[in-house]
Amino acid sequence: MSVAANPASVYDIARLARTMLPGHIWDYLNGGAGQERTLGANRAAFHRLSLVPAVLTDVSRRDLRTTLLGAEVAAPVAVAPMAYHRLAHVDAEPATVRAAGAEGLLCVVSTFASHTLEEIAAEATGPLWFQLYCLRDRGLTKDLVDRARAAGYRALVLTADAPMLGYRDRDIRTGFQLPAHVRPANLAGTTGSGATVAELNSVLVDPSVTWRDVAWLRGLSDLPVVVKGVLRAADAQRAVDHGADGVLVSNHGGRQVDGAIATMRALPAVLDAVGDRCEVYVDGGVRRGTDVLRALASGARAAFVGRPVLWGLAADGEAGVRAVLRVYSEELELTMAACGCPDVTSAGPELLAAGVDD
Ligand SMILES: Cc1cc2nc3c(=O)[nH]c(=O)nc-3n(C[C@H](O)[C@H](O)[C@H](O)COP(=O)(O)O)c2cc1C
Ligand SMILES: O=C(O)C(=O)c1ccccc1
């Protein structure tokens, strides 16, 4: 199976992915909390931002490169952390990381990866960050940090918006459980089998985490810390006050709080609150190169992509993820050219008008 048959958009790849996966796995990967209002709101918020191109600016050279906490990347698009890539494809995280590296893009690896962080790092040719859930067992949490540092990960991404997994209608209906061959490899020996994903999570993840733990984490190593899942200006401020080097504006892809604000709507207040004291990124519903440009024009340093990466993986393993990532970069480049932006710093608020033309 090859998706090299000219996918125009990530939705072409999604269609193929859907045919490859059992319904309950498709639902787990793609579902959101409750009636999936926030899942839809993330997309709608992009649609509500019209682009206002500048003309006659010389776009004969186009440079999509940027840096993310000092790491050089080919484009301001990155792979968001997602648990259990093996649910999508047997090649799992190693394939995803190879694809991101081949495209020169940053990839964030989940605490709940289905391969060990060391196995995954061995495949990397691009920068990696490690997503951390603060575990009930702080010794184990510290071990993960030490392992991530030793394996060459360049930052820690503390997920703050999932003290417990959200209320997900689809998973309740299907009674979704992990297949026996899919396990959190980094946490080997700590979990029983047969539990639902949410139960498995709650055995391990500490719901009592507070801002004090951010400072604790910052002090555990010399790795920069990104706080993921921030939606309020005051929380972004607190993140910086507790030593964070970056904030990822996220509602967990609409999987945690149904009715939570769309990320692109939350982004401006977060940017106002932190100014240039830390890097600010956004995720949730980034489906096109045009969305990446909207995120940049709004002031985000990069846009992170979740589900479409798993669509690519399910459709065709490493080649499928590469196809997905290429679609973003290619559409971004052509849209930047047509909007008069030769590089990522030339996208600013003048490029945006609120409202939708329909
Ligand atoms: C199947 C799946 C698993 C996820 N697992 C994690 C995780 O382990 N850690 C985490 O911080 N976020 C996790 N997320 C959230 C993503 O990092 C990201 O915030 C979200 O998917 C972005 O939205 P998008 O899927 O609309 O692009 C997961 C998302 C999905 C879809
Ligand atoms: O499903 C998720 O959204 C998620 O974040 C997660 C995290 C750890 C284990 C399983 C799922």
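Computed from a predicted structure; not experimentally measured. (Residues numbered from 1 in each chain as written. Chains lettered and ligands numbered in written order. Predicted model: local features only at pLDDT ≥ 70, side-chain atom pairs only at ≥ 80, totals over all residues. Heavy atoms only, no water.)

(A) Here's a closer look at the overall build of the protein. Each helix and strand in the protein was counted, giving 13 helices and 12 strands. Sorting the 358 residues of the protein into buried and exposed places 56% on the buried side. Between the centroid of the 35 positive side chains of the protein and the centroid of its 40 negative side chains there is a distance of 3 Å. (Helix = DSSP H or I, 4+ residues; strand = E, 2+ residues; numbered from the N terminus. Buried < 20%, exposed > 50% of the residue type's maximum accessible area, 1.4 Å probe, protein only. Lys, Arg positive; Asp, Glu negative; His and termini not counted. Charge placed at Lys NZ, Arg CZ, Asp CG, Glu CD.)

(B) Examining the site of ligand 2 more closely. Every residue near ligand 2 is listed here: Y28, A83, Y84, F112, Y133, L165, R168, V197, N201, H252 and R255. Contacts to ligand 2 include Y28, whose side-chain N or O atom sits 2.7 Å from an oxygen atom. In the model, an oxygen atom of ligand 2 is placed 2.8 Å from a nitrogen or oxygen of the R168 side chain. Judged by the fraction of its atoms near the pocket grid, ligand 2 is located in the largest cavity. Split by residue class, the shell around ligand 2 holds 7 nonpolar, 2 polar and 2 charged. (Near = heavy atom within 4 Å. Polar contact = N/O pair within 3.5 Å; in protein donor to acceptor, adjacent residues only side chain to side chain. 1 Å grid on protein atoms, 1.4 Å probe; cavity = no way out; pocket = protein on both sides within 12 Å on 5 of 7 lines; lining within 4 Å. Sits in = over half its atoms within 2 Å of the grid points. Nonpolar A, V, L, I, M, F, W, Y, C, P; charged D, E, K, R; others polar.)

(C) Inspection of empty space enclosed by the protein at higher detail. If you walk through the whole model with that rule in mind, you get 1 cavity of 30 Å³ or more. Empty space within the largest cavity amounts to approximately 470 Å³. Around the largest cavity, the lining is made up of 32 residues, and of these P81, M82, A83, H252 and R255 lie nearest the centre. Counting residues per element, the ones that place at least two in the lining of the largest cavity are α2 (23–30), α8 (197–204), β11 (302–305) and α13 (307–338). Take the lining of the largest cavity: its biggest share by element is 3 residues, from α13. In the lining of the largest cavity, the residues fall into 16 nonpolar, 10 polar and 6 charged. (Points joined across faces, edges and corners; volume = space filled by probe spheres on them.)

(D) Examining α13 more closely. Its 32 residues place the ends of α13 only 27 Å apart at the C-alpha level, less than the 46 Å of an ideal helix rising 1.5 Å per residue. At D316, α13 shows its largest kink, close to 140°. Across the 32 residues of α13, 23 count as buried, placing the element largely inside the fold. (Expected span 1.5 Å × (residues − 1). Bend = angle between axes of the 7 residues up to and from the residue.)

(E) Region of interest: the packing of helix α6 (residues 138–151) against helix α9 (residues 211–220). Between α6 and α9, whose axes approach to 10 Å, the crossing angle comes to 45°. As far as their axial angle goes, α9 and α6 are oblique. Taken as a pair, α6 and α9 cross one another with a handedness that is right-handed. Of the residues in α9, those touching α6 at R138, T141, K142 and V145 are D213, W216, L217 and L220. (Axes fitted to C-alpha atoms, helices over the stretch in contact; angles between N-to-C directions. Parallel < 35°, antiparallel > 145°, perpendicular 65-115°, else oblique. Left-handed = near helix turned anticlockwise from the far one by under 90°. Contact = heavy atoms within 4.5 Å.)

(F) Layout of the pattern of salt bridges. Overall, the coordinates contain 23 salt bridges when judged by the stated rule. A salt bridge links R294 to D291; the shortest N-O distance between them is 3.3 Å. Within this pair, R294 and its partner D291 are both found in helix α12 (residues 289–298), separated by 3 residues, close to a single helical turn. Classification of R294 as buried rests on a relative accessible area of 12%. Through salt bridges with shared partners, a single ionic network connects E103, R322, R326 and E330. (Salt bridge = Lys/Arg side-chain N within 4 Å of Asp/Glu carboxyl O.)

(G) Just the nonpolar core, in detail. Residues Y84, L87, F130 and Y153 are the most contacted members of the largest nonpolar core, which totals 105 residues. The element contributing the most residues to this core is α13, with 14 residues. Filtering out sequence-adjacent residues up to four positions away, F130 remains in contact with V108, V109, S110, T111, L117, L144, A148, Y153, A155, L156, V157 and N186. By size, the runner-up hydrophobic cluster in this structure holds 14 residues, among which are A80, W129, V157 and Y281. (Core = buried A, V, L, I, M, F, W, Y, C linked by side-chain atoms within 4.5 Å.)

(H) Molecular detail of the site of ligand 1. By nearness alone, 22 residues border ligand 1, and P81, S110, T159, D283 and R287 come closest of all. Within the backbone of G306, an N or O atom sits 2.9 Å from an oxygen atom of ligand 1. Side-chain polar atom of R307 to an oxygen atom of ligand 1: 2.9 Å apart, as the coordinates give it. Look at ligand 1: alone it shows 600 Å² of surface, and the protein chains cover 98% of it. Partitioning the shell around ligand 1 into residue classes produces 8 nonpolar, 9 polar and 5 charged. (Areas by Shrake-Rupley, 256 points an atom, 1.4 Å probe, with all protein chains shown as cover.)

Such coordinate-based values are descriptive only and should not be taken to indicate function.
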